Amino acid sequence: MANTWGYGAMTNHFGDVVGHSKAIFMIGANSAVSNPIGFKHFLQAKDRNNAKLIVVDPVFTKSAAKADHYLRIRTGTDVAFIYGLLHIIFKNGWEDKSFIENRVYGMDEVREEAKKWTPEETANVTGVSAAQIIQIATLLAKTKPMTVVWALGITQHSTGTSNTRILPILQLVLGNMGKKGGGCNIIRGHDNVQGSTDMCCLADSLPGYYGLGEASWKYYAKAWGLDYKWLQDRFYSPKWMNEKGFSLAKWWQGVLQEEKTYSSSPIKALWVQGNGITSMAQTAKVQEALDKLDLLVIAEPFVNEAAVITSKQDDVYILPVGTQFETEGSVTATNRTSQWRTKVVDPLYESKTDHDVMFEFAKKFGFYDEFTKAMKMKVVNGELKEVKKEFTWPDDAADELARIVKTIGLGGWTAKRLREHQENWNLFDPISLEGHGKMKGQYYGLPWPSWTTKHPGSPILYDVDTPVSKGGMGFRNRFGLEHNGVSQLPDESVSVKGSKIKGGYPEITKDNIEEVLGIKLTEDEKRKIGTNWKTDISGIIQEKCDEAGVCVYGNAKARAKVWTFPDQTPLHREPIHSPRMDLVRKYPTYEDQKNNFRVDVRFKSEQMAQDWSKEFPTMLVTMRVVNLSGAGMLERTSKYLSHITPEMFANINPELAQSHNIQDGDMMWLHSPQGTKIKVKAQYSTRVTPDRIALPYNFAGHMQGVDMSANYPEGTKPYAIGESSNTITNYGFDIITQIPEFNAGLCKIVKAEG
Ligand SMILES: Nc1nc2c(c(=O)[nH]1)N[C@H]1C(S)=C(S)[C@@H](COP(=O)(O)OP(=O)(O)OC[C@H]3O[C@@H](n4cnc5c(=O)[nH]c(N)nc54)[C@H](O)[C@@H]3O)O[C@H]1N2
Ligand SMILES: Nc1nc2c(c(=O)[nH]1)N[C@H]1C(S)=C(S)[C@@H](COP(=O)(O)OP(=O)(O)OC[C@H]3O[C@@H](n4cnc5c(=O)[nH]c(N)nc54)[C@H](O)[C@@H]3O)O[C@H]1N2
Ligand SMILES: [Mo]
């Protein structure tokens, strides 16, 4: 199943924070729990640089406990909050004027919007006091470099995309981009999730973020040594080749819908490989969809709870897959570095590795040769050739990626280099990532873009003070050369160090290469060169750009304004289920959406249907606990990890609990606006205020009060089972990515009798 969490990677890295950051602005992340090793770096920055840690979170988290400043924000109001900071920054002229002038497009609209967000209005909407807003705006403007850290508290909203845009905008305003100790350090989630997005566990792109469309498919067909028509014939009809698929958040709608409007047919079969199933919102709908399927196949190391929450009896298959200890290959970390991982043991018992499962599948369906062909190919003298009969796993797979994925610059990630990095960990500096001795001149893990096998990797994105050959670059030119008559390229004040071209330049194509670089191609080169740098199998564009110190993707301005999005400039919009009906009228959500990822999505019609807060007055936030991860299957099968949190619970303020006559440890029902409910244990905590409760999302095995224990195959029941918080996380999805609004919803609390 595809994962649509496209929320970006780190522009900098953990060592860089330790080495250089003077302030860490952590908003919507609780790394003390969700990434303790990463968090240790923030504590080191406090020790070494006297860095100030600011935590913005609706819950007083373990990260907040270590902060110099804690701001208790109402969920779903981060855009308003950042505008409140920008208001103060612009009003006092604290913005980095030359950075904005030279490197950013569309900031005037941001400035206009910020005017509306006085400290008073910001305080009214966000719940953070006006005095604190002024204090933090001053601190962030005066303390440089400052880095912004965020994770799921920012993305999991109907306005998640706007949230993830307003934070880089803050960094552009302050001129903290492309700088040591600055940037946006977006802490990604589980093991190799960065790699899985880079490799396209996504429903709306091809690997390496190549967009769906004929040009990309034709490039891939060529790069894989396949006939385009053959690829096309894999689809129900050619139309579906270029349509987004169903998203992980709403595949169930594809099963339940009777209409065929946006899809080839209702989904009949589901293949689950590496998804915890109850990790998605609307678990009751997920359950309904599982029941309705003709076929359910699960390929993974544990008994996935997909097989447990369904009452489906026939045509459910569980294929045993080895864990990550039983396989080998490259994985990608949150800061864009790759790591080679070696196998610890062979797959145990009758289990197979993930890739062997896929290979067997391809054999049975008759396309194994096509599936594996690219691993036997190589570029020789600018042309693609099949060079051997057998491939070697996983080295040839890594080399295939290095050869094909140009968009994010994986050209340097050959198996040979990645293995060398793993074998020489000790030769790299943890702060600068620079190598010593025989690894000199390379950065650890070759943070992408690592354009070629000679390139050292790019530890800090968008740094124009470093030559391209050492990891420097400007902002990417992706959206044309002008918009509304305004050039998208910077003037000569922004030249990438050592570049032959002064100032901005476009992304490099077959058509513009001679003019932009001031060179002449030979006839042979003209014959071999691809249409543009992303699809140039010959590597000629890369080679010529390297010679000129030019970045293949151009040197453009950053966009503060995205003219293809519903909100060109980010706007505050109330969550779908808001506790403030007065603010819903002033800051309504989007219009309902048609055919996004093949389904219709309700926005305004759901938000306006009634004043939800009357019946569901308590805000609902979900969170993680340190001993469990994801839907929790892995750790709940561990006796000792389960022992720490043996039961599903909710953090509830004693005042709120007692107003319902609920004592610490009592059971309570939590009801959602969708008509679903869960039964959980009350755990008194003052980390939450009386207007909100916080739930871990790592439990499953109970559904709306029903214990599904009997459905676990004999001997496989985890030590801890319980309700999934996602049975009651509210309806609501991001307008662009369709990530569920896990973190801003409402509920009603009722004491459970007996
Ligand atoms: N132990 C453990 N570690 C994990 C995981 C796990 O399940 N268990 N999961 C991994 C994964 S997949 C991921 S993606 C990461 C996630 O890492 P984090 O995002 O750091 O984890 P969360 O606990 O979800 O923290 C999100 C924080 O955002 C806050 N928040 C909620 N709504 C809002 C809001 O509207 N605005 C603001 N400013 N804050 C808000 C929540 O209260 C919470 O403290 O963790 C990874 N690490
Ligand atoms: N309410 C709420 N819901 C959330 C979130 C939240 O903050 N709040 N966070 C969301 C986020 S950020 C994420 S990333 C998702 C995470 O949710 P999921 O992506 O569903 O992650 P897990 O639950 O860890 O599921 C991973 C599954 O893969 C299996 N597995 C482990 N190793 C392997 C392997 O090597 N091969 C195979 N084939 N399988 C393996 C595990 O046994 C497990 O069943 O949850 C999302 N859901
Ligand atoms: Mo995640």
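Residues numbered from 1 in each chain as written. Chains lettered and ligands numbered in written order. Predicted model: local features only at pLDDT ≥ 70, side-chain atom pairs only at ≥ 80, totals over all residues. Heavy atoms only, no water.

Asker: Looking at this model, I keep getting lost on the sheet that holds strand 5 (residues 146-150). Mind explaining?
Answerer: Neighbouring strands of a sheet are bound in pairs by backbone hydrogen bonds; such pairs are parallel or else antiparallel. Strand order across the open sheet formed by 5 strands is 3-2-1-5-6, with parallel pairing between neighbours. A single partner strand is all that each edge strand has here, and the edge strands are strand 3 (69-71) and strand 6 (184-186). Each strand of the sheet is rotated relative to its neighbour by a mean of 15°, with strand direction disregarded. Alignment of strand 5 against strand 6, held across 3 bridges, turns out to be parallel. When the sheet's bridge partners are listed, Val149 is paired in strand 6 with Asn185. Sheet contacts for helix 3 (residues 36-49): strand 1 (23-27), strand 2 (52-56) and strand 5; angle to strand 1, the most-contacted strand, approximately 145°. (Pairing = 2+ DSSP bridges. Helix = DSSP H or I, 4+ residues; strand = E, 2+ residues; numbered from the N terminus. Axes fitted to C-alpha atoms, helices over the stretch in contact; angles between N-to-C directions. Contact = heavy atoms within 4.5 Å.)

Asker: Would you explain the pattern of salt bridges in this entry?
Answerer: Pairs may arise between side chains of opposite charge once their charged atoms sit close together. One pass over the full model with this rule turns up 36 salt bridges. A salt bridge links Lys561 to Glu109, with the shortest nitrogen-to-oxygen separation between them at 2.8 Å. Residue Lys561 is found in the loop between strand 18 (558-559) and helix 24 (581-586), and its partner Glu109 is found in helix 6 (residues 107-116); the two are separated by 452 residues along the sequence. Since its relative accessible area comes to 8%, Lys561 is described here as buried. The exposure class assigned to Glu109 is partly exposed, which follows from its relative accessible area of 31%. Between Arg419 and Asp395 there is a salt bridge; the shortest N-O distance is 2.9 Å. Linking Arg419 in helix 20 (residues 415-423) with Asp395 in helix 19 (residues 395-404), this pair joins segments that are 24 residues apart in sequence. Since its relative accessible area comes to 23%, Arg419 is described here as partly exposed. Here the salt bridges share partners, and the residues they tie into one network are Glu383, Asp524, Arg527 and Lys528. (Salt bridge = Lys/Arg side-chain N within 4 Å of Asp/Glu carboxyl O. Buried < 20%, exposed > 50% of the residue type's maximum accessible area, 1.4 Å probe, protein only.)

Asker: Can you walk me through the sheet that holds strand 11 (residues 316-320) in this structure?
Answerer: One open sheet holds the 3 strands; their spatial order is 9-10-11, and the pairing between them is parallel. Only two strands of the sheet have a single neighbouring strand rather than two, namely strand 9 (269-272) and strand 11. Neighbour-to-neighbour, the strand axes of this sheet turn through a mean angle of 10°, independent of strand direction. Bridging between strand 10 (residues 295-300) and strand 11 involves 5 bridges; their strand directions are parallel. Its bridge partner being in strand 11, Leu296 is matched across the sheet by Val316.

Asker: What is the right way to look at the site of ligand 1 in this model?
Answerer: Lining the immediate environment of ligand 1, one finds 32 residues, of which Ser34, Asp57, Asp78, Arg624 and Leu628 sit closest. The backbone of Ser34 places a nitrogen or oxygen atom 2.6 Å from a nitrogen atom of ligand 1. A distance of 2.7 Å is found between a nitrogen atom of ligand 1 and a side-chain nitrogen or oxygen belonging to Asp78. Considering ligand 1 on its own, with 910 Å² of exposed area, one finds that the protein chains cover 94% of that surface. In terms of residue class, the shell around ligand 1 is built from 15 nonpolar, 14 polar and 3 charged. Shared between two domains, the shell around ligand 1 takes at least three residues from each, and those domains are domain 1 (14-186) and domain 3 (610-751). (Near = heavy atom within 4 Å. Polar contact = N/O pair within 3.5 Å; in protein donor to acceptor, adjacent residues only side chain to side chain. Areas by Shrake-Rupley, 256 points an atom, 1.4 Å probe, with all protein chains shown as cover. Nonpolar A, V, L, I, M, F, W, Y, C, P; charged D, E, K, R; others polar. Domains from an automatic or database assignment.)

Asker: Would you mind going over helix 23 (residues 540-548) with me for this structure?
Answerer: Counting along an α-helix, one turn takes 3.6 residues, and residues three or four places apart therefore face a common direction. Those residues of helix 23 that sit buried are Ile540, Ile541, Gln542, Lys544, Cys545 and Ala548. Packing partners of the buried residues in helix 23 comprise helix 21 (513-517) and helix 22 (523-528). Immediately downstream of helix 23, the backbone of Gly549 shows phi near 65°, a positive value.

Asker: How should I be thinking about the UniProt feature "domain: Molybdopterin dinucleotide-binding" (unreviewed entry) in the protein in this particular structure?
Answerer: Using the residue numbers shown here, the UniProt feature "domain: Molybdopterin dinucleotide-binding" (unreviewed entry) corresponds to residues 620-744. From the first C-alpha to the last, residues 620-744 spans 6 Å; its make-up is 13% helix and 26% strand. (UniProt positions renumbered as here; feature names shortened; annotations may be inferred.)

Asker: Help me understand unusual backbone geometry, please; the structure alone is not making it clear to me.
Answerer: Note on backbone geometry: most residues besides glycine have negative phi, and most peptide bonds are trans. Note the cis peptide between Lys144 and Pro145, where omega equals -5°. Relative to the elements of secondary structure, Pro145 occurs in the loop between helix 8 (130-142) and strand 5. Omega for the peptide link from Trp448 to Pro449 comes to 0°, which places this bond in the cis form. With respect to the secondary-structure elements, Pro449 resides in the loop between helix 20 and strand 16 (482-483). At Ile277, a residue that is not glycine, the phi angle is positive and equals roughly 60°. Here Ile277 lies in the loop between strand 9 and helix 15 (283-292). A residue is classified by how much of its surface remains accessible, and Ile277, at 3% relative accessible area, is buried.

Asker: When you look at the site of ligand 2 in this model, what are you seeing that I'm missing?
Answerer: Taken together, 28 residues sit near ligand 2, with Gly276, Ser279, Glu300, Ala631 and Asn726 positioned nearest. In this structure, an oxygen atom belonging to ligand 2 sits 2.9 Å away from a side-chain N or O atom of Gln324. In isolation ligand 2 offers 920 Å² of accessible surface; the protein chains occlude 90% of this area. Looking at the shell around ligand 2 residue by residue, the class counts come to 10 nonpolar, 15 polar and 3 charged. A domain split of the shell around ligand 2 shows at least three residues from each of domain 2 (193-394 + 404-410) and domain 3 (610-751).

Asker: Help me understand the side chain of Ser499, please; the structure alone is not making it clear to me.
Answerer: Its location among the elements puts Ser499 in the loop between strand 17 (486-487) and helix 21. With a relative accessible area of 5%, Ser499 lands in the buried category. In this view, Ser499 contacts Tyr505, Ala548, Gly549 and Val550; residues no more than four positions away in its chain are not counted.

Asker: Can you walk me through the domain arrangement of the protein in this structure?
Answerer: A common way to express how large an interface is: the accessible area buried when the components associate. Domain boundaries assigned for the protein yield domain 1 (14-186), domain 2 (193-394 + 404-410) and domain 3 (610-751). The C-alpha centroid of domain 2 is placed 36 Å from the C-alpha centroid of domain 1.

Asker: Where do I start with the pairing of strand 14 (residues 377-380) in this structure?
Answerer: Two faces make up the sheet, and in a regular strand the side chains alternate between them. Two strands pair when backbone bridges link them, and strand 14 and strand 15 (residues 383-386) are joined in this way by 4 bridges, in the antiparallel orientation. Following the sheet pairing, Val379 is matched in strand 15 by Leu384. Once strand 14 ends, the chain turns through 2 residues before running back antiparallel as strand 15, passing Asn381 with a positive phi of about 50°.

Asker: Explain helix 17 (residues 354-364) to me, please; I cannot follow it from the model alone.
Answerer: What helix 17 keeps buried is the set His355, Val357, Phe359 and Ala362. Packing partners of the buried residues in helix 17 comprise strand 9, strand 10, strand 11 and helix 18 (368-372). At the C-terminal side of helix 17, Gly366 shows a positive phi close to 80°.

Asker: Please explain the state of the cysteines as it appears in this structure.
Answerer: Two cysteines form a disulfide when their sulfur atoms are joined by a covalent bond. All told, the structure shown has 0 disulfides when counted by the stated rule. In this structure Cys551 is not part of a disulfide, and its nearest cysteine sulfur, from Cys545, lies 7.9 Å away. Relative accessible area serves as the criterion here: at 0%, Cys551 is assigned to the buried category. (Disulfide = S-S within 2.5 Å.)

Asker: Please explain the environment of Met241 as it appears in this structure.
Answerer: Tracing the chain through its elements places Met241 in the loop between helix 13 (228-232) and helix 14 (251-256). For the pair formed by Met241 and Leu212, sequence separation is 29 residues and the distance between their alpha carbons is 7.7 Å. Setting aside residues up to four positions removed in sequence, Met241 forms contacts with Leu212, Trp217, Tyr228, Leu231, Gln232 and Phe235.

Asker: Would you explain a nonpolar patch on the surface in this entry?
Answerer: Where nonpolar side chains cluster on the molecular surface, the patch consists of Phe325, Val344, Val345, Leu348 and Tyr349 and spans about 600 Å² of accessible area. Mapping Tyr349 onto the fold places it in the loop between strand 13 (338-341) and helix 17. The exposed category is assigned to Tyr349, whose relative accessible area is 79%. (Patch = residues over 30% accessible without salt bridge, like charges linked within 9 Å, V, L, I, M, F, W, Y side chains within 5 Å.)

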